[in-house]
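Each chain, written out:
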Amino acid sequence: MKHTYPFLFVLAFTAFFGNSLFAQDEDADDEHKVYKKSKFLTGVFIGAYQANQYTAPAYNGFGYDLDGNQNSFERSLMNQKINYEYSGKYGTTDQIAQALGVDPGQWNFDASDMPTNMRYAPAIMLGLNFRLPLSKRSNITLNLNFSKLNINGAFTMTLIKPQNPNPAQNNNVQVFPIKGTEQRMLFQLGFQQIFGKLNKTNVFGEIGINGTLAKYNSNVININGLQIDLIYYQNQTLYPTVAGPARKPVGFGIGAYAALGINFDLNEKFNMQILYSPSHERVKVGNNPTLKLQHAGGLRLYYKI
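On to the pattern of salt bridges, then. Pairs can form between side chains of opposite charge whenever their charged atoms are close. Counting across every chain of the model gives four salt bridges. Salt-bridge contacts for E182 lead to R184; the nearest nitrogen and oxygen are separated by 2.6 Å. For the pair E182 and R184, one class covers both residues: buried. Salt-bridge contacts for E206 lead to R300; the nearest nitrogen and oxygen are separated by 2.8 Å. A residue pair is termed long-range when its members are at least 10 positions apart, and E206 in strand β7 (residues 201–223) and R300 in strand β11 (residues 291–304) qualify at 94 residues. Of the residues examined, E206 reaches a relative accessible area of 0% and is grouped as buried.

Have a look at this one:
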């Protein structure tokens, strides 16, 4: 619940001050004149996006079956790749042993080695933004924002070798990276209110509906330079592994967003906004998708058509 407070604060701020300050506007005739002269604005957005960590475990190497359920360890993508395809169990080379620098079979990977710490990294967000003036202070906004997210974590493997008499030399447990990528597209339709007496610089607030199209894009592990794509499948006849083809989760979820920032009228043709925008998004790339708070911020540059 504590993560919802910033979002609710922005909504309350927009609703309260939007109504009170709008009442201080010039008379209706002047407002109508400005409305007639108002021009449609189109522009671009560049900024940063921090995803909520709730869906990061979708990239923990388990994968999903064709019904959209997360696999057990026995049917997981990592178990299939490490203990079957790349292990030399079917008369092929033990590529895992080669990467670890040990004799064939002198290593172990089980359920206790699976990743548990997947995290989204901050990402760049780019967008196309549109604004339709209703009056000199009020606008309808449409934002189409895009981001490619990186997810990072780690897993372990155990080397099977004699124990060294010196405990400091017993580094049998090795740690390796696991990475994922995800694509998101945000569709935002909202209402924007500029506050106070109109100047070249004003505070503004925005509130609206947010739709998030999210796609699980890739999942790879790296063992000392041996990169294994968890999603790519070899010939199932040659490698009769424990799991069938995986599903790449993709889905569309509805939520809400808000924004608070500073509006700059640069000249008759260009308008700029610097903003912070929290959003409640339902990201459908894992089990039990639910609304979670995400954060974005950056700069919009509009051109008046």
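Applying the stated criterion across every chain, the model contains two cavities of 30 Å³ or more. Its volume calculated, the largest cavity comes out at about 90 Å³. Listing elements by their share of the lining of the largest cavity, those giving two or more residues are β4 (123–133), β6 (173–194), β10 (270–282) and β11. Split into classes, the residues belonging to the lining of the largest cavity amount to five nonpolar, six polar and one charged. Considered as a void within the structure, the second largest cavity measures approximately 40 Å³ in volume. As for the second largest cavity, its lining consists of N52, Y54, T55, R184, E281, V283, T290, K292 and Q294.

Sheet topology places β7 next to strand β9 (residues 250–265); 15 bridges connect them, and they run antiparallel. By the bridge assignment for β9, A214 is matched with G251. In this sheet, β10 lies alongside β9 in antiparallel orientation, the contact comprising eight bridges. Across the sheet, residue F264 finds its bridge partner in β10, namely M272.

This paragraph deals with the pairing of strand β8 (residues 226–229). Judged by which residues are buried, β8 turns out to be one-sided: L226 and I228 face inward and are buried, whereas Q227 and D229, on the alternate face, are not. The pairing of β7 with β8 spans four bridges and is antiparallel. Across the sheet, residue I221 finds its bridge partner in β8, namely I228. A loop of two residues connects β7 with β8, the two strands running antiparallel in sequence, and N224 in this loop sits at a positive phi of about 50°.

In this section: the nonpolar core. Counting 47 residues, the largest nonpolar core has I96, F155, M157 and I223 as its most contacted members. Elements supplying a minimum of two residues to this core: β1 (41–50), α3 (77–85), α4 (95–100), β4, β5 (138–159), β6, β7 and β8.

It is worth spelling out α3 at this point. Judged by how many residues are buried, α3 sits mostly within the fold: nine of nine residues are covered. Among all positions in α3, only L77, M78, N79, Q80, K81, I82, N83, Y84 and E85 are buried. Looking at the packing, one finds that the buried side of α3 touches α4, β2 (107–108), β5, β6, β7 and β8.

Looking at the element boundaries, G251 is found in strand β9. On the basis of relative accessibility, which here comes to 12%, the residue G251 falls in the buried class. Separated by 31 residues in the primary sequence, G251 and R282 place their C-alpha atoms 9.3 Å from one another.

A word on the side chain of Q188. Its location among the elements puts Q188 in strand β6. Sequence-distant contacts of Q188, defined by excluding residues within four places in its chain, comprise T141, L142, N143, N145, I209, N210 and Y257.

About the cut-offs
Residues numbered from 1 in each chain as written. Predicted model: local features only at pLDDT ≥ 70, side-chain atom pairs only at ≥ 80, totals over all residues. Heavy atoms only, no water. Salt bridge = Lys/Arg side-chain N within 4 Å of Asp/Glu carboxyl O. Buried < 20%, exposed > 50% of the residue type's maximum accessible area, 1.4 Å probe, protein only. Helix = DSSP H or I, 4+ residues; strand = E, 2+ residues; numbered from the N terminus. 1 Å grid on protein atoms, 1.4 Å probe; cavity = no way out; pocket = protein on both sides within 12 Å on 5 of 7 lines; lining within 4 Å. Points joined across faces, edges and corners; volume = space filled by probe spheres on them. Nonpolar A, V, L, I, M, F, W, Y, C, P; charged D, E, K, R; others polar. Pairing = 2+ DSSP bridges. Core = buried A, V, L, I, M, F, W, Y, C linked by side-chain atoms within 4.5 Å. Contact = heavy atoms within 4.5 Å.

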